[in-house]
Amino acid sequence: MTFEWLPIIVLVAGLMFGLISGFPMAFTLGGSSIVASWIFIGFDSLPYVATNTFGMMTNVILIAMPLFIFMACVLEKSGVTHDLYNFMHQLLGSLNGGLAMGTIAICAIIAAMSGVSTTGVVTMGIIALPIMLKMKYDKSIAIGPILAGGALGLLIPPSVSLVIYGMIARVSIGRLFAGAIIPGLILVFLYMAYVGIRCYLNPSLGPALPKEDRVPFIEKLKLAKSLVLPVLIIVSVLGSIFAGLASPTEAAAVGAGGAVLSAAINRRLSWDVLKDACFRTMSINGMIMWILFGAACFTSIFFRTGGQGLIGDMMLGLENKWLIFGIIIATLIVLGCFLDEITQIMITVPVFLPIIVHLGYDPVWFGVLFMTQVQMDYLTPPFGFTLFYLKGVAPPEVSMADIYKSILPFLCIQLFVLLLILFFPQIVLWLPEEVFALR
Amino acid sequence: MRRVLAFIDSVSEWSGKLVSWLIMFIMGFLLIEVALRFLFNAPTIWIHELCMHLFGFFSVLAGAYVLLHKQHVKIDIIYLQFSPRVRAAIDTVTYMIFFMYIGTMFYYGTVLAIRAVELNQTVSPSPWGSPIWPLKIALPVAALLLLLQGLADFIRTVNFAVTGKEMS
Amino acid sequence: APIQAKAEKTFKWQPSSWLSSGISWDTINDISKKVTEKTNGRLTMTPSSPGAIVPVPEQLEAVSMGIMQATFIWPGYFPGQLPVAFMHGDCFAAPHSIAELRYLYEEYEDGKIMKILRDAYAEHGVYLVGNLYWTLDNLMISKVPINGVDDIKGKKFRSSELIALQLAELGAGTIWVPGDEIYTMLSTGAVDAITFSHAADMVAMGFHEVTKYWIKYPTAVGPAADALIVNMKEWEAMPQDLKTILASAVANGSYRNETEADKEIGKAWEFVEKQGIEIIEWSEEDAVKLAGTARKVVPEKYLKDESFNEIFKIVEKWAMEMGYWAK
Ligand code: NA
Ligand code: NA
């Protein structure tokens, strides 16, 4: 161990302290960074606590997040989503685990509506988790799909992360978007298959609707009208993006507006519903933003004390490609513990990419591989931002341990798809070649 | 003492509830922008920038409310194994780190805010160029509110650690 | 022996930039390496990714307050903090070439503009070491043909800074969205056109896949200036020889920018032509009309600033002498 590693050790020790002491993550990140800057840099550097927090406060790309949270709160409070899940439950009738599979599908749709990964997890955590728990779903089968499915927002276009990767790596954003679609769909399929098989083998994990509660076909048709409002919202959000009416951030406002309208049509829009939705949105968004404020400070000090150089040094002179990919994946897992996704891309892509290109790999392929890995990083215990966000919105009976346990099988699936992409690059490269060959 | 603590609680409660309405304004303004652009082909230069301001207030000023309602996420797997009084003792220590962090944020946030007012700083790069001091002042204000709420919680925690009884 | 102590002091900087790839970023790496070598490590420069230490829009404050010792900036990010920065990055889009821009800043009227700029930065607690000139060529690219000033009216542009005001003056609807959303908006047709960067950058990000028309002349902005800034206390603590090495490295970096840009941008234009992009050149008359709007739309609040106003008058005089701005 050389002196170079000391700052990193202090920072990691700070995180460990938070893990043991139950100190809120937001303040653990901020507090560790201040201690590390006192030890290694001195008081002069401390104003960064204010400048970097301010930078995160004014990060406009995050505006979509509270809008989606607001949409979810209004839909939940006005009963729109409750009706939807009721219908899903009736429709899928005897299918065990059906609601969890439906949730994965909705996650994939939200991923296509939003460019930031947080939105899916938080939105579905608000909408789907309480309902599934109420319908006697096992915690692990209810939580896991929301986490894994929600994180798809990073991969399924439009994805802010892919755009930033494209800008740094200087590769076509259109090709990246196209390349990420098939891996995204494979993940969706495997998540559903996993839930289906687990619940088929052990129906108590995701019990189907009891026979006596099932309604005849005609009644089901009547319930189908609960689909109208959610579908309308989805169509208006996706439609406003793809018809070129709105930017992804504005589309989030369209979704929020659609939710308010739906509540009104459902005749459940009241002053109380709006008020509660506003309060809850403020609280959840505040929880997330204060974690990001802490992360902004932590990141700064990590790089001030030479973190970036260390990553570069590790890769120096390596020729064995498996060793290189191994180090890349390990590095991303470690950094995923405390960097937000955009910073992680900004920092590591310039270090990794020249090596990847030098080895003769396609940067579009690497971009998708990279994002598949990054979505995992935010789900790996003990430090995973997405895990924290879900804890923040979940009902109180859900503990951090429940969340950790539920994500493990899905992490295995993600690892499997990661290896698939690593060994069969055509999974990524086929679609962009088809799409852009036409020009 | 109890009245002071209750007063601090209500300040946190109301500051959070007050800014919570901003989400409706963010939504409304963005919808107006979409409508102006597509119905009247008249996009504005100010709506997106205004939403940046609103989002900043909305995010940073929620801190004290989130603390009051104990919504700041923690990893509690090990923490929950301890008895409530031991937990309170641990919290007494960790609150020191909290005060250090938020205190630093308050101090330098104030320095930045004073600079913004003195130099009459505006948002940049931006065609609209609205003043940035309201946002810069929001940061130390939010930190101050958090410090107050932290102090109230700290007093309760110390009291519980020492006496084993909750203060109402 | 305070003199000896001063000579032995070493400086460790982690300058950042606003770009993390491309020609100017490579130049920053190049400068950093050469400075570290030439000073035998007495001044070590290790470039850090944009935003890694301090978010890009806060970097002027960061250098001024000593959070960062030095950094490379595009001044256009900071007019809200320092009014002269509004012109420092692109000089009202007046000069037509890098040589003209350099001459105007550093030699015209005894380099008065550079002196005023240095004083303005100094008041902010920052030393302006020098400019890195480069080819911004902030192109207009679009999904619909824009063959002259008249075609701008009614089009939806994603654009920023001065050119956004110019386009609005010419009747365009200008929209400001974060850079991260440009590609999506262009591909879905939410905007008709954008101004963003030079041809090499546009090709690298695949913008040729979602547009049909690229305007080669006039460029919306043309040549531009980045700058190296250093915290004033840090600068004053440096021995003269380090200062000299640094200034000459910046000047050399500036030339590197220029040659690399010529090469890369040339290749990019050849490439898009092969891709079937329609390359448009406006008439001289329309080019002058576009340039003329720049001076009209400069916001009043900047003109109220004494230093800014003084520079504006110098540029105006020069541009009229050159025939670029009407008398
Ligand atoms: Na997405
Ligand atoms: Na992790």
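The rules behind each value
- Along each chain, residues carry numbers from 1 onward, in the same order as the chain's sequence is written.
- Here the convention is simple: chains get letters from A, ligands get numbers from 1, in the order in which they are written.
- Only residues with pLDDT of at least 70 get local features here, since the model is predicted, and only at 80 or more are side-chain atom pairs given and counted; chain-wide, interface and lining totals rely on the full set of residues.
- Each side-chain value is worked out from all heavy atoms of the structure, with water and hydrogens disregarded.
- The helix count covers DSSP runs of H or I at least four residues long, the strand count covers runs of E at least two residues long, and both are numbered beginning at the N terminus.
- For the radius of gyration, the atoms used are the C-alpha atoms, and the globule rule reads 2.2 Å times the number of residues raised to 0.38.
- We call a residue buried when its accessible area falls under 20% of the maximum for its residue type, exposed when it is over 50%, and partly exposed in between, using a 1.4 Å probe and counting protein chains only.
- Two residues form a contact once any of their heavy atoms are found within 4.5 Å.
- Computed with a 1.4 Å probe, the accessible areas rest on the Shrake-Rupley method; for each residue, only the protein chains presented here act as cover.
- Here Asp and Glu are counted as negative and Lys and Arg as positive; His is not counted, and neither are the chain ends.
- Think of each charge as sitting on NZ of Lys, CZ of Arg, CG of Asp or CD of Glu.
- Any two strands with at least two DSSP bridges between them are considered paired.
- The convention used is that axes are lines fitted to C-alpha atoms, helices contributing only their stretch in contact, and that angles between N-to-C directions extend from 0 to 180 degrees.
- Buried area: the accessible surface (1.4 Å probe) lost by two parts on joining, summed over both.
- Salt bridges, as used here, are contacts in which a Lys or Arg side-chain nitrogen is within 4 Å of a carboxyl oxygen on Asp or Glu.
- Contacts described as polar in this section are N or O atom pairs within 3.5 Å, which, within protein, must combine one atom able to donate a hydrogen with one able to accept it, while residues neighboring in sequence count only if both atoms come from side chains.
- Coordinating donors are taken as N, O and S atoms within 2.8 Å of the metal, stretched to 3.2 Å for Na, K and Ca; because water is absent from the atoms, sites can appear incomplete.
- UniProt positions are given in the numbering used here, feature names are shortened, and annotations may be inferred rather than shown by experiment.

(A) Representation of the overall build of chain A. Along the backbone of chain A there are 21 helices and zero strands. Rg of the C-alpha trace for chain A: 22 Å, near the compact-globule value of 22 Å for 439 residues, within the 12% margin. With the principal axes as the frame, chain A shows a C-alpha extent of 70 × 50 × 45 Å. Residue burial in chain A is summarised as follows: out of 439 residues, 67% are buried. Counting contacts in chain A only where the partners sit at least 6 residues apart, residues at least 24 apart contribute 79% of the total. Only carbon and sulfur atoms are counted for the fraction: they give 71% of the accessible area of chain A, which is about 14,500 Å². Looking at charge distribution, chain A has the averaged site of its 21 positive side-chain charges lying 10 Å from that of its 21 negative ones.

(B) Broad picture of the sheet that holds strand β11 (residues 278-281) of chain C. Residue and element names in this part refer to chain C. With mixed pairing, six strands are arranged side by side in an open sheet as β7-β6-β8-β5-β9-β11. What marks the edges here is a single partner per strand, and that holds for β7 (173-175) and β11. With strand direction ignored, the average angle separating the axes of adjacent strands in the sheet is 30°. Here two bridges tie strand β6 (residues 156-158) to strand β8 (residues 193-195), and the two strands are oriented parallel to one another. Bridge pairing links R158 to I194 in β8. Running over the sheet, helix α11 (residues 240-274) touches β9 (213-217) and β11 and is turned about 145° from β9.

(C) Just the interface of chain C and chain B, in detail. Residue-level contacts link 23 residues of chain C with 20 residues of chain B. Taken together, both faces of the contact between chain C and chain B bury some 1,900 Å²; the carbon and sulfur share is 55%. The largest per-residue losses of area from chain C upon contact with chain B belong to C:M65, C:G80 and C:W176, which jointly make up 24% of the total buried on that side. As a salt-bridge pair, C:E61 and B:R115 come within 3.0 Å of each other at their nearest N and O atoms. One can count eight residue pairs in polar contact (both at pLDDT 80 or more) joining chain C with chain B. Taken together, the elements giving at least two residues each to the side of chain C that touches chain B come down to α3 (59-65), α7 (161-169) and β7 of chain C.

(D) Representation of the coordination of the sodium ion (ligand 2). All names here are of chain A. At 2.4 to 2.9 Å from the sodium ion (ligand 2) lie its protein donor atoms, namely D377 (O), T380 (O), T380 (OG1) and F383 (O). Of note, the sodium ion (ligand 2) draws all its donor residues from one chain, in the sequence arrangement D-x2-T-x2-F. Judged on exposure class, the residue D377 and its partner T380 are both buried.

(E) Summary view of the UniProt feature "transmembrane region" (unreviewed entry) in chain B. Within this structure's numbering, the places UniProt gives as "transmembrane region" (unreviewed entry) are residues 21-40, 46-68, 88-108 and 128-148 of chain B. Summarising residues 46-68 of chain B: 87% helix, 0% strand, and an end-to-end C-alpha distance of 34 Å.

(F) Region of the structure containing the coordination of the sodium ion (ligand 1). Residues and elements named next belong to chain A. The coordination sphere of the sodium ion (ligand 1), as far as protein atoms go, consists of A111 (O), S114 (O), G153 (O), I156 (O) and P158 (O), spread over 2.3 to 2.6 Å. One chain supplies every donor for the sodium ion (ligand 1), spaced along it as A-x2-S-x38-G-x2-I-x1-P. Within this pair, whereas S114 is found in the loop between α6 (98-113) and α7 (117-134), its partner I156 is found in the loop between α8 (139-150) and α9 (160-169), the two being separated by 42 residues in sequence. Each member of the pair S114 and I156 is classed as buried.

(G) Quick peek at the pattern of salt bridges. With the rule as written, the count across this model stands at 25 salt bridges over all chains. Where A:R268 meets A:D83, a salt bridge forms, and the shortest distance between an N and an O atom there is 3.6 Å. Placement of A:R268 in the loop between α13 (248-265) and α14 (271-304) and of A:D83 in helix α5 (residues 80-92) is noted, with a sequence separation of 185 residues between them. A relative accessible area of 37% places A:R268 in the partly exposed class. Where C:E209 meets A:R175, a salt bridge forms, and the shortest distance between an N and an O atom there is 3.2 Å. Of this pair, C:E209 sits in the loop between α9 (199-204) and β9 while A:R175 is found in helix α10 (residues 173-201), placing the two residues in two different chains.

(H) Here's a closer look at the pairing of strand β4 (residues 126-135) of chain C. All names here are of chain C. Within β4, ten of the ten residues are buried, which leaves the element mostly enclosed by the surrounding structure. With nine bridges connecting them, β4 and strand β10 (residues 223-231) associate as antiparallel partners. Looking at β10, one finds that Y133 is bridged to A225.

(I) Main features of the environment of C:S283. All names here are of chain C. Here S283 lies in the loop between β11 and α12 (284-297). For S283, a relative accessible area of 37% puts it in the partly exposed group. The spatial distance from the C-alpha of S283 to the C-alpha of V149 is 9.7 Å, given a sequence separation of 134 residues.

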